[in-house]
Amino acid sequence: MAATPAAPPRKPKTLAFLCRRSPWGSGHAAEMLEAALIAGAFDQEVHLAFLDDGVFQLVAGQRPDLLGRRALDQGFGELADLDVEHVWVERESLAERGLEADRLLLRATVLDRRAMAELLARMDAVFSA
Amino acid sequence: MKFAILVTEAPFGGQAAATALAFAGAAMARGHEIERVFFYCDGVHNANRLAAPPGGEANLVRDWSKLGAERGLDLVVCINAGGRRGLREANLAPGFRISGLGQLVEAVILADRLVPFGA
């Protein structure tokens, strides 16, 4: 008797996490990063996208300890370990805030606004908060 | 259609949680399935049974519990986000349960669509 074929493995989903708030004015930056890191542990295709004021999360040399807050660096460092390899930052958001892509504390691929929209449009799910 | 719902805004002070509740009820009334409702960030306040709005005002905590009981809705509160905001078993409203972020990711994997509520 032929063995019952195993169910085909579910195709990994494309999940995008939007970081669009400044790092310390609210808890959004920390909690969005936390969620993306958990998703990375589920063998899905996880994308992290920085736009609007979220690009301020990537500015090097911040001292959140002075605010009693924990730096995001540790979480950023864990992204690669958890296979979150797709990190994007929007060109216009950087330019509007006078930031330069080559001085960010996380290696991110720069996309213009149109390309960012196209990327998000092909995601299975977009997490925003 | 099978939906996963993410709620990231508190029940009072914004419209998102009320809209999420209305969406969940309407979707099920139209024969859709809700894989899970996950409460994250300030959304965890939707599960605080100590909420006691003045008479005549909406009580979303009670309404979530009611919808959960009536329709067997899986209402899950993030343990980390809840802990940060004083939401724990002791003040958890009926029908909610506390678990980890993995429950959000799993719901999205199992559902056809994620619908997030909260700016």
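All residue numbers refer to positions counted from 1 along the written sequence of the respective chain. Working convention: letters from A go to chains and numbers from 1 go to ligands, in the order in which they are written. In keeping with the model being predicted, local features are shown solely for residues with a pLDDT of at least 70 and side-chain atom pairs are shown and tallied solely at 80 or more, while totals for entire chains, interfaces and linings include all residues.

Colleague: I would appreciate a short explanation of the interface of chain B and chain A in the present structure.
Modeller: One frequent convention defines the size of an interface as the accessible area lost when the parts assemble. Residue pairs qualify as contacts under a 7 Å threshold applied to their C-beta atoms, which are placed from the backbone. Contacts between chain B and chain A engage 15 residues on the former and 15 residues on the latter. Numbering of helices and strands starts at the N terminus; helices are DSSP runs of H or I of at least 4 residues and strands are runs of E of at least 2. Per element, the largest residue contribution to the side of chain B that touches chain A is 5 residues, and it comes from helix α4 (residues 102–110) of chain B. Classification convention: Asp, Glu, Lys, Arg as charged; Ala, Val, Leu, Ile, Met, Phe, Trp, Tyr, Cys, Pro as nonpolar; all other residues, Gly among them, as polar. Split by residue class, the side of chain B that touches chain A holds 11 nonpolar, 4 polar and no charged.

Colleague: Honestly, unusual backbone geometry in this entry has me stumped. Any pointers?
Modeller: Comment: phi is negative for the bulk of residues other than glycine, and the bulk of peptide bonds are trans. The residue D43(A) is not glycine, and still its phi comes out positive at about 60 degrees. Residue placement: D43(A) occurs in the loop between α1 (28–40) and β2 (45–50). Non-glycine residue C41(B) carries a positive phi angle of around 50 degrees. Tracing the chain through its elements places C41(B) in the loop between β2 (33–39) and α2 (60–71). Remark: C-beta atoms are placed from the backbone, and a residue is labelled buried if 20 or more other C-beta atoms sit within 10 Å of its own, exposed if 12 or fewer do, or partly exposed between those counts. The class of C41(B) is buried, set by 24 C-beta atoms lying within 10 Å.

Colleague: What should I look at first to understand the sheet that holds strand β3 (residues 86–90) of chain A in this one?
Modeller: Neighbouring strands of a sheet are bound in pairs by backbone hydrogen bonds; such pairs are parallel or else antiparallel. Residues and elements named next belong to chain A. Pairing within the open sheet is parallel, and its 5 strands lie in the order β4-β3-β2-β1-β5. Only two strands of the sheet have a single partner each, and these edge strands are β4 (109–111) and β5 (125–127). The average angle at which neighbouring strand axes cross in this sheet is 25 degrees, direction not considered. Here, a strand pair is defined by DSSP locating no fewer than two bridges between the strands. Pairing of β3 with β4, which is carried by 3 bridges, proceeds in the parallel orientation. The partner of V89 across the bridge, within β4, is V110. A fitted line through C-alpha atoms represents every axis, and for helices the fit uses only the stretch in contact; the resulting angles, taken between N-to-C directions, go from 0 to 180 degrees.

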